[in-house]
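# Inside the fold
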Amino acid sequence: MFEQVVIASFIIVGAAFACIGLGLSWLLSPTKPTEGKGLTYECGVKPIGKPWIRFRPGYFVFAILYIIFDIKIIFLFPWAIATSYVITGWFIIIEMTIFATILLAGLAYAWKEGVLSWH
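For clarity, every value in this text was computed on a predicted model and none was experimentally measured.

Cut-offs applied
- Residues numbered from 1 in each chain as written.
- Predicted model: local features only at pLDDT ≥ 70, side-chain atom pairs only at ≥ 80, totals over all residues.
- Heavy atoms only, no water.
- Helix = DSSP H or I, 4+ residues; strand = E, 2+ residues; numbered from the N terminus.
- Buried < 20%, exposed > 50% of the residue type's maximum accessible area, 1.4 Å probe, protein only.
- pLDDT = per-residue confidence, 0-100.
- Patch = residues over 30% accessible without salt bridge, like charges linked within 9 Å, V, L, I, M, F, W, Y side chains within 5 Å.
- Areas by Shrake-Rupley, 256 points an atom, 1.4 Å probe, with all protein chains shown as cover.
- Salt bridge = Lys/Arg side-chain N within 4 Å of Asp/Glu carboxyl O.
- Expected span 1.5 Å × (residues − 1).

## Topic: the overall build of the protein chain
On a plain count of helices and strands, the protein chain comes out with four helices and zero strands. Along its sequence from the N terminus, the protein chain presents helices and strands in the succession α-α-α-α. Here the protein chain, with 119 residues, has 4% of them falling under the buried criterion.

## Points about the confidence of the model for the protein chain
As a note on interpretation, predicted positions should not be read in detail where pLDDT is low. Averaged over the protein chain, the pLDDT score is 82; the fraction of residues at 70 or greater is 87%. Across the protein chain, the secondary-structure element scoring lowest on mean pLDDT is helix α3 (residues 76-85), at 74, and the one scoring highest is helix α1 (residues 2-28), at 95.

## Overview of a nonpolar patch on the surface
Taken together, Ile53, Phe55, Tyr59, Phe60, Phe62, Ile64, Ile68 and Trp118 make up a surface patch of nonpolar side chains, about 840 Å² in accessible area. The residue Phe62 is located in helix α2 (residues 57-74) in this model. The class of Phe62 is partly exposed, set by a relative accessible area of 32%.

## Quick notes on α1
With 27 residues, α1 extends 38 Å between its outermost C-alpha atoms, agreeing within 8% with the 39 Å of an ideal straight helix rising 1.5 Å per residue. Burial analysis of α1 places just zero of its 27 residues in the buried class, a small minority of the element.

Below, the structure is given as structure tokens:
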């Protein structure tokens, strides 16, 4: 029972901390809207055209694929460091080969579907 009380108190304190922080920032922030504050800032150059333009969904899909593969490849670095010091057998090598094969299969599928091509 004690564990549930500790978890509930952490949830309550965390939610209260978030609500108090958001409320204080809303109350204490200076709000004097001007025309200059509504403009988008592009390296000191005045913006041309509307700030709300439509991007093709292909850009977002490409970015999501990059993030997914980037995060999955990051898992290879701890494995490479751990196996460089101690070789613990074929199980780890087979396991990482399966992992890399799944990554390559996902990349091949994305390539086959034409996600990686620019039109």
